[in-house]
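So you can see what is in the structure, the chains are spelled out below.
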Amino acid sequence: MSSVKPIPEGIHTITPHLVCDGAADAIEFYKKAFNAVEVTRLAGPDSKLMHAMLRIGDSTIMLNDEFKDWGVLGPKSIGGTAVTIHLYVTDVDSAFAQAVDAGATVKMPVADMFWGDRYGVLIDPFGHSWSIATHKQDLTPEQIIEGMRQMTPGEGCN
């Protein structure tokens, strides 16, 4: 029987894998914006990165450069992203400001939300969407529904 773990130590079962036009620059941005720690980097042809892994908090994120000939494209090449990476932190206001200072663009300013988080959304310089939050209040499903109704009156929220 093999002693190799099917899920590597320190890796969660779901791990974001980002494609970035300029992955080396993205690594530097994530270090400045989210205090990322570089775990590994595998250089490929033409000074592009075939694979890199970073650790942000207790989670890993993988990334690589675009390889247009292979159909590997980042959000800027495809006109945006349908995915948002959610990051919980102890101080959302400070973390959000750090990311903006590093070059992220505010999509939704930080505010208290009806589900109990203080939350905001930004776009990184490579086109990836990040929501950042600090959980402030444990609420029941009924309290969350009522808060949603108050936030969006007349929109048919159940």
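Every value quoted in this text rests on a predicted model; they were computed, and no experiment measured them.

The next point concerns helix α3 (residues 92–102). Where α3 is concerned, the buried positions are Val-92, Ala-95, Phe-96 and Ala-99. Take α3 and look down its axis: the buried residues cluster within an arc of 100°, on one side only. On its buried side, α3 packs onto α1 (23–34), β6 (105–112), β7 (117–123) and β8 (129–135). Capping the start of α3, Asp-91 holds a side-chain oxygen 3.3 Å from the backbone nitrogen of Asp-93, two or three residues further along.

Taken as a whole and judged by the stated rule, the model has seven salt bridges. In this structure, Arg-41 and Glu-38 form a salt bridge, with 2.8 Å as the shortest nitrogen-oxygen distance. Two residues, Arg-118 and Asp-93, come together in a salt bridge whose shortest N-O distance is 2.8 Å. Here Arg-118 is found in strand β7, whereas its partner Asp-93 is found in helix α3, with 25 residues between them in sequence. With relative accessibility at 37%, the residue Asp-93 sits in the partly exposed group. Look at the salt bridges and you will find they share partners, linking Glu-28, Lys-31, Glu-38 and Arg-41 into a network.

Scoring rules and cut-offs
Residues numbered from 1 in each chain as written. Predicted model: local features only at pLDDT ≥ 70, side-chain atom pairs only at ≥ 80, totals over all residues. Heavy atoms only, no water. Buried < 20%, exposed > 50% of the residue type's maximum accessible area, 1.4 Å probe, protein only. Helix = DSSP H or I, 4+ residues; strand = E, 2+ residues; numbered from the N terminus. Arc of directions from axis to C-beta. Contact = heavy atoms within 4.5 Å. Polar contact = N/O pair within 3.5 Å; in protein donor to acceptor, adjacent residues only side chain to side chain. Salt bridge = Lys/Arg side-chain N within 4 Å of Asp/Glu carboxyl O.

Fair warning: the whole summary comes from geometry, so function is off the table for now.
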